[in-house]
Amino acid sequence: MKFSFVTIFPNLIKPYFEDSILKRAVDNGFVEIDFYNPRDYSKNKHKKVDDTPFGGGAGMVMTPQPLFDCLSDIKSKNEDLHFVFLTPVAKQFNQKDAKRLSKKKHIVFVSGRYEGIDERVVEEFADEVFSIGDFVLTGGELASMVLADSISRCVKGVLGNATSLDEESFEEGLLESPTFTKPQVFNNLSVISEFLKGNHSKIRSLKFALSKAKTKYFRPKMYIEAIFKDIK
Ligand code: ADE
């Protein structure tokens, strides 16, 4: 899997791949990353990449020329690209998207800054547009890292123990049940006793019940969808 990050702030993203699981994924060749800065493509003598919005309004918008030239350059140098734009005005990214996108060969994440990107760039290049939630960030970099992280861990070989992918939250449309580790008793608080007894079918059904209870409490809409999905 290759990720290209298009951003005027590559240094916000680079450190994330210099530690932990993603560092190992890069070192072991499961994930490759590179960076393109639209500023390097700006034809403006001051390397400007933003301008005021037509029709008025607050803030600045990323101008089309640097991004058009940057993305065209990436297109001319690579095959099998999938362009993903990050903006709060889009469908919310989820685990199904992460799994689906982990099968792509090369994803180009385009991060906007200021008040957003001139819509003509999005129309021309985007294969998909994602938001990571109903809140506004200072730019798309954090969102592109969120996607790259969750996509990476779905890439075969990136996680040591692949079964952890099957048991985690959202897999059955439900949140994962609570987990515990040693010690059995900590500060007078005990682990659920059934988890210690080794009756695996009992543990499985208890985990399923806890998973449903957690989902019903924290995410009632998700719970209803999961419960009724087999009836539809
Ligand atoms: N850019 C700014 N806010 C964002 C969000 N919530 N999701 C994706 N990209 C963004």
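Overview of the structure.

1. Quick notes on the site of the ligand
Moving on, step 1. Near the ligand there are 13 residues, and of these Thr87, Ile132, Gly133, Phe135 and Leu137 occur at the shortest range.
Moving on, step 2. A distance of 3.2 Å separates a nitrogen atom of the ligand from a polar backbone atom of threonine 87.
Moving on, step 3. Leucine 137 places a polar main-chain atom, nitrogen or oxygen, 2.9 Å from a nitrogen atom of the ligand.
Moving on, step 4. Starting from 260 Å² of accessible surface for the ligand in isolation, the protein chains cover 96%.
Moving on, step 5. Going through the elements one at a time, strand S5 (81–92) and strand S7 (128–131) are the ones with two or more residues in the shell around the ligand.
Moving on, step 6. Along the lines of polarity and charge, the residues of the shell around the ligand split into eight nonpolar, five polar and no charged.

2. Topic: the pattern of salt bridges
Moving on, step 1. Counted by the stated rule, this structure contains twelve salt bridges.
Moving on, step 2. Its salt-bridge partner being aspartate 97, residue arginine 100 comes within 3.0 Å of it at the nearest N-O pair. Of this pair, arginine 100 and aspartate 97 both sit in helix H4 (residues 95–101), three residues apart, roughly one helical turn.
Moving on, step 3. Owing to a relative accessible area of 36%, arginine 100 belongs among the partly exposed residues under this scheme.
Moving on, step 4. A salt bridge links arginine 113 to glutamate 141; its shortest N-O distance comes to 3.0 Å. A residue pair is termed long-range when its members are at least 10 positions apart, and arginine 113 in the loop between strand S6 (106–111) and helix H5 (119–125) and glutamate 141 in helix H6 (residues 141–152) qualify at 28 residues. The two residues arginine 113 and glutamate 141 agree in class, both being buried.
Moving on, step 5. Here the salt bridges share partners, and the residues they tie into one network are Lys91, Asp97, Arg100 and Glu128.

Reading guide: rules and limits
- Starting from 1, residues in each chain are numbered consecutively following that chain's sequence as written.
- Only residues with pLDDT of at least 70 get local features here, since the model is predicted, and only at 80 or more are side-chain atom pairs given and counted; chain-wide, interface and lining totals rely on the full set of residues.
- The side-chain values count all of the structure's non-hydrogen atoms but skip hydrogen atoms and water molecules.
- Note on definitions. A residue lies near a molecule or strand when any single heavy atom of the residue is within 4 Å of it.
- Two N or O atoms count as a polar contact when they lie within 3.5 Å, although within protein this holds only if one can serve as hydrogen donor and the other as acceptor, and sequence-adjacent residues are included solely when both atoms are side-chain atoms.
- Computed with the Shrake-Rupley method and a 1.4 Å probe, the accessible areas treat only the protein chains shown as cover for residues.
- Secondary structure elements are defined from DSSP: runs of H or I of at least 4 residues count as helices, runs of E of at least 2 residues count as strands, and each element is numbered from the N terminus.
- Charged means Asp, Glu, Lys or Arg here, nonpolar means Ala, Val, Leu, Ile, Met, Phe, Trp, Tyr, Cys or Pro, and polar covers whatever is left, Gly included.
- A carboxyl oxygen of Asp or Glu within 4 Å of a side-chain nitrogen of Lys or Arg is what we treat as a salt bridge.
- When accessible area is computed with a 1.4 Å probe and restricted to protein chains, residues below 20% of their type maximum are described as buried, those above 50% as exposed, and intermediate ones as partly exposed.

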